[in-house]
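# Chain and residue survey
One letter stands for each residue in the lines below.
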There are 2 protein chains.
Amino acid sequence: MSNDQRPIAVFDSGLGGLTVVRALRRRLPGESVIYFGDTARVPYGPKSAEAVTRFTREIFQFLLHFDPKCIVVACNTASALAVPELVGEFAVPVIGTVEPGAAAAAKASEGGLVAILATEATIASNQYRNAINRYNPRIPVVQKACPLFVPIVEEGREERNPLVRMAVAEYLEAVRRLRPAVVVLGCTHYPMLRGPIAEYLGESVVLVDTAEATSEAVEQLLHDSSSLSNDSNRGRLLCYVSDNTQRFASLSTRFLGHTITDVVRICPEEFATLHQPAPTPRRLRVSV
Amino acid sequence: MSNDQRPIAVFDSGLGGLTVVRALRRRLPGESVIYFGDTARVPYGPKSAEAVTRFTREIFQFLLHFDPKCIVVACNTASALAVPELVGEFAVPVIGTVEPGAAAAAKASEGGLVAILATEATIASNQYRNAINRYNPRIPVVQKACPLFVPIVEEGREERNPLVRMAVAEYLEAVRRLRPAVVVLGCTHYPMLRGPIAEYLGESVVLVDTAEATSEAVEQLLHDSSSLSNDSNRGRLLCYVSDNTQRFASLSTRFLGHTITDVVRICPEEFATLHQPAPTPRRLRVSV
């Protein structure tokens, strides 16, 4: 049996990727996780492919210092805009949210309509639609950007708050009228609004949580490459953010279900100082 | 009579500062303006004082290449968090939004209650309250962060949109019950919601538009320092943004009342390459 003690690296534009961490820790409790949240430059959703790709490349280089067994891009926007370009550039396996989310949607749709809910940038990239149509070119796909969902979740509003329910109804009315078979929650923040979205769309719609689909894909990858940890203890979770450690720690409870204490602030400008002495990943490897 | 042809430099975290540009161009049509919008790192509102100060310092250094007659910090968050620290560091006069906004509020309040509406970071800094109390320590001040107002405005929603009206009512109910004499729109995006805010609060409340107050302070400064331009032609407006020139150009119409065509993308990472050869500001001065 394999026993690979290297950590899984998880990257997100901010807090939302903690929904992927939560799913990973449920599924793979013995794995250690290094998390990086780019809270100085969040959100990525309204930004260009060029900027998001540059940010993602910098963060990959930072995460390689930890000698990870894989890098999980938990941010749907970065998965859609940067992963296709970067996946061949680095020696480590990279898993984004788009492929697992698209595969789960294609499987669940049984040929029926799939609606993608995501950020403006993810929608504009068409990556979800293209990925679903690689599985089955005959699945009809519609897409809807929901720009207020991220700030609504980050503000910590309750699911039953009237403004949350109005925003859900306003964004989803045109989607609901098309009677989709499957709706993809194509942003890591959106599972936090699963309750009101499910209620508004009705019971017959299958909701695909890309955080859950992504964690399943990570398990499959580690299994296939014999890279699972067989540690029976709970793995460590170490978090790095580019700004506002306190805000991250206090909001993380909502996303993760428990409080994070190990949060270190490091800004992208400081990544360069880590690179300068060109240390081998081995030497910088942290004990997790 | 003075005839200073140097441009006014205006900086904002994104688009919102264009409300200040609009006010400046109405008041001082012969002045040329260099605008920088940090659209790669927008919004500043939920970020730390340390990050906002670092971003602002970088952008000041960039703007100095244009040999400006003054730098206007149109972003309320940067005015509150960074200007107090940076104002002595640079040889050029710096005008933020907080001092002019606070002065206008103190003058209008006649001792009555002043309510500050702003981003989380501006509220946390207490800069508006402190500035108002320097004018008159007996003016009572309350503060309310309205985190969704910025994404609502950036999404381009109409003033009569039901979600806009619900957000205004939800954020301002507790403020309205206190019957304020003056309400400060302490974020450059908020004047775009002036209609529904005024309607909700009622006619007796004086709304202070910090963009208007700031442009008045700029006129005063240029007059006092004999730095006005006496050009009878309309001044140029050149815009630089750190990301997404197209999104900036299309949304700018809403903020400025006309379309911007001269938008150049330059990211903060590229500022450094401008600094390297240490050119004198004079040589890099653009013809405006």
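For the structure, check the block above.
The notes below deal with the structure included here. (Residues numbered from 1 in each chain as written. Chains lettered and ligands numbered in written order. Predicted model: local features only at pLDDT ≥ 70, side-chain atom pairs only at ≥ 80, totals over all residues. Heavy atoms only, no water.)

### Observations regarding the interface of chain B and chain A
At the interface, 33 residues of chain B touch 33 residues of chain A. The contact between chain B and chain A buries some 2,700 Å² in all, and 49% of this surface belongs to carbon and sulfur atoms. Area buried by chain B at its contact with chain A is led by Leu148(B), Leu163(B) and Met166(B), which between them contribute 20% of it. At the boundary of chain B with chain A, the tally comes to 10 salt bridges. Residue Glu170(A) is joined to Arg157(B) by a salt bridge in which the shortest nitrogen-to-oxygen separation is 2.5 Å. At the boundary of chain B and chain A, one finds 18 residue pairs in polar contact (both at pLDDT 80 or more). When residues of the side of chain B that touches chain A are traced back to their parent elements, those giving at least two are α2 (49–63), α8 (149–154) and α9 (162–176) of chain B. At 6 residues, the largest contribution of residues to the side of chain B that touches chain A is made by α9(B). Counted by class, the side of chain B that touches chain A contains 16 nonpolar, 4 polar and 13 charged residues. (Contact = heavy atoms within 4.5 Å. Buried area = accessible area lost by both parts, 1.4 Å probe. Salt bridge = Lys/Arg side-chain N within 4 Å of Asp/Glu carboxyl O. Polar contact = N/O pair within 3.5 Å; in protein donor to acceptor, adjacent residues only side chain to side chain. Helix = DSSP H or I, 4+ residues; strand = E, 2+ residues; numbered from the N terminus. Nonpolar A, V, L, I, M, F, W, Y, C, P; charged D, E, K, R; others polar.)

### Description of the pattern of salt bridges
Evaluation of the coordinates by the stated rule reveals 42 salt bridges over all chains. Between Arg27(A) and Glu219(A) there is a salt bridge whose closest N-O contact spans 3.1 Å. Separated by 192 residues along the polypeptide, Arg27(A) in helix α1 (residues 18–27) and Glu219(A) in helix α11 (residues 210–224) bring together distant segments of the chain. Residue class for Arg27(A) comes out partly exposed when judged on its relative accessible area of 27%. Note that Arg157(B) and Glu155(B) form a salt bridge whose closest N and O atoms lie 2.8 Å from each other. Assessed through its relative accessible area of 8%, Arg157(B) is described here as buried. One continuous salt-bridge network, built from bridges that share partners, spans Asp38(A), Arg41(A), Arg54(A), Glu58(A) and Glu269(B). (Buried < 20%, exposed > 50% of the residue type's maximum accessible area, 1.4 Å probe, protein only.)

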